[in-house]
Structures are given as structure tokens and as C-alpha cells.
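Take a look at the letters that make up each chain.
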Amino acid sequence: MNLLEMRAVVPGLRTFADGIDPATGATVHTTVYTGHVVLVHNTGFRGMIRLTDLQEVSFFVPDSAPYPQPPDALGIELSVRHFRSSGNVSAVHIGARDERVAVVPDPRGGEHQWLQVTFHTPVYSHELVELNYRVTVQNR
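A short tour of the structure in this document, coming up. All residue numbers refer to position in the chain's written sequence, counted from 1. Local features in this predicted model are restricted to residues whose pLDDT is 70 or higher, and side-chain atom pairs enter the listing and the counts only when it is 80 or higher, whereas totals over whole chains, interfaces and linings include all residues. For side-chain calculations, the full set of non-hydrogen atoms in the structure is used, while hydrogens and water are omitted.

### A look at the pairing of strand β7 (residues 126-139)
To keep it simple, the criterion reads: By this definition, two strands are paired if DSSP reports at least two bridges between them. The secondary structure listing takes helices from DSSP runs of H or I that are at least 4 residues long and strands from runs of E that are at least 2 residues long, numbered from the N terminus.
The sheet contact formed by strand β2 (residues 27-41) and β7 spans 12 bridges and is antiparallel. Bridging from a neighbouring strand, His-29 pairs with Asn-139 of β7. Bridge count for strand β4 (residues 73-85) against β7 is 12 bridges, and the pairing is antiparallel. By the bridge assignment, Ile-76 is partnered in β7 with Val-135.

Below, the structure is given as C-alpha cells:
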């Protein structure tokens, strides 16, 4: 059982841009997905935690286009949007570590693939954590 549970993944703006790769002259299509993920303290959690404990979190980008082929390039940025600690604590560590984005098979089956974000976050003294995400996808 995890100390933090996912409350919501909220999509934001999805933007599109086309450009030219200066090295090859090929057209590059860029899609940027933004939004935020809300993690809250799991009141059913029972057990010990250490100051250094991390929890892995994964979610599918809710407004991700289905990708029949893997993109040429992927990028992920995660930043703290909002944080609330629980109680009177001496040390608080917040944010995301080891963040990565990948194109994975559709969990419902089929030939398309979807964007999945995975990261680790510290759990000590967390009541609420909201993280902004920005996923950049480039295709030729």
C-alpha cells in the first residue's frame, strides 16, 4: 500500500508547432502536453516511513494522441505546483526524481501506443502534493 494516492490527473493546454530541422531540412512536428497531477495522503496507510523513502508514481497523459509509431524525441518536465505538509515536521523533501516519459502499448489493447509518465517522489510528511507536468513530443 502506498502512502500517497493519486487523486487526479488534470490536462491543461495542448499546443502544436511545426518547424524545420536545420541539419536535414525536414519538417519537425512538436506537440506539448501540459497539466498537473494531484497526490494526497492515503489515510488507509499503516506502517513506518523514513525520511528518505520514495514512492513511484505512473500515469497516462490523459489527452495524449494515440501514437502508431514511436516519436523521434520525448521530453518531460515536472515542477511543484502546490504542497501541504502534515503536522509539525523537521524536514520536508518535495518534488519529483527520476522522471521519465515513454510510449507504451494501449492498456486496452490495439495497435496504438500512449504516453506514460513515471517518477519517484518523497513521501515523508506529505499531506498534499500537486506537480505540473510538461511533456514534449517531436515527430518528423
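Structure's up, so let's keep going.
### A word on a nonpolar patch on the surface
Stated formally: Patch rule: a residue counts if its relative accessible area is over 30% and it has no salt bridge; like charges are joined within 9 Å, and nonpolar side chains (Val, Leu, Ile, Met, Phe, Trp, Tyr) within 5 Å. Only the protein chains shown count as covering a residue, and every accessible area follows the Shrake-Rupley method with a 1.4 Å probe. Salt bridge, as used here, is a side-chain nitrogen of Lys or Arg placed within 4 Å of a carboxyl oxygen of Asp or Glu. Throughout this description, buried means an accessible area under 20% of the type-specific maximum (1.4 Å probe, protein chains only), exposed means over 50%, and partly exposed covers the range between.
A surface patch of nonpolar side chains, about 210 Å² in accessible area, is lined by Val-80, Val-92 and Ile-94. Mapped onto the elements of the fold, Ile-94 is located in the loop between β4 and β5 (97-105). With relative accessibility at 40%, the residue Ile-94 sits in the partly exposed group.

### Things to note about the sheet that holds strand β1 (residues 4-20)
Put simply, the test is: Axis definition: a line fit to C-alpha positions, over the contact stretch in the case of helices; interaxial angles, taken between N-to-C directions, run 0 to 180 degrees.
Taken in spatial order, the 4 strands of this open sheet run β1-β2-β7-β4, and their pairing is antiparallel. Two strands close off the open sheet at either side, each with one partner strand: β1 and β4. If you compare each strand with its neighbour and ignore which way they point, the axes differ by 15° on average.

### Considerations on the nonpolar core
Here is the rule we go by: Side-chain atoms within 4.5 Å link the members of a nonpolar core, which is a set of buried Ala, Val, Leu, Ile, Met, Phe, Trp, Tyr and Cys residues. Contacts between residues were defined by any pair of non-hydrogen atoms, one from each residue, lying within 4.5 Å.
Leu-115, Val-117, Phe-119 and Val-135 are the most contacted members of the largest nonpolar core, which totals 23 residues. Of all the elements in the fold, those that place two or more residues in this core are β2, β3 (54-60), β4, β5, β6 (113-122) and β7. Sorting elements by how many residues they give to this core places β7 first, with 5 residues. Once residues lying within four places of it in the same chain are set aside, the contact partners of Val-135 are Thr-31, Val-32, Tyr-33, Val-61, Gly-75, Ile-76, Val-101, Leu-115 and Val-117.

### Digging into the sheet that holds β3
Here we have 3 strands laid out as an open sheet, ordered β3-β6-β5, and antiparallel in their pairing. If you trace the sheet from one side to the other, it starts and ends with β3 and β5, each paired once. The mean inter-strand angle of the sheet, taken between neighbouring strand axes irrespective of direction, is 20°. Bridge analysis of β5 against β6 gives 7 bridges, and the strand direction is antiparallel. The partner of Val-103 across the bridge, within β6, is Leu-115.

### Side note on the pattern of salt bridges
Under the criterion given, the structure shown has 5 salt bridges. In this structure, Arg-100 and Glu-56 form a salt bridge, with 3.5 Å as the shortest nitrogen-oxygen distance. Taken together, the residues span a long stretch of sequence, with Arg-100 in strand β5 and Glu-56 in strand β3 at a distance of 44 residues. In this structure Arg-100 comes out as partly exposed when scored by relative accessible area, which is 39%. Owing to a relative accessible area of 44%, Glu-56 belongs among the partly exposed residues under this scheme. Measuring nitrogen to oxygen at the nearest pair gives 3.0 Å for the salt bridge that ties Glu-130 to Arg-81. Placement of Glu-130 in strand β7 and of Arg-81 in strand β4 is noted, with a sequence separation of 49 residues between them. Using a relative accessible area of 45% as the deciding quantity, one classes Arg-81 as partly exposed. Each member of the salt-bridge network shares a partner with another, and the members are Asp-21, Asp-72 and Arg-140.

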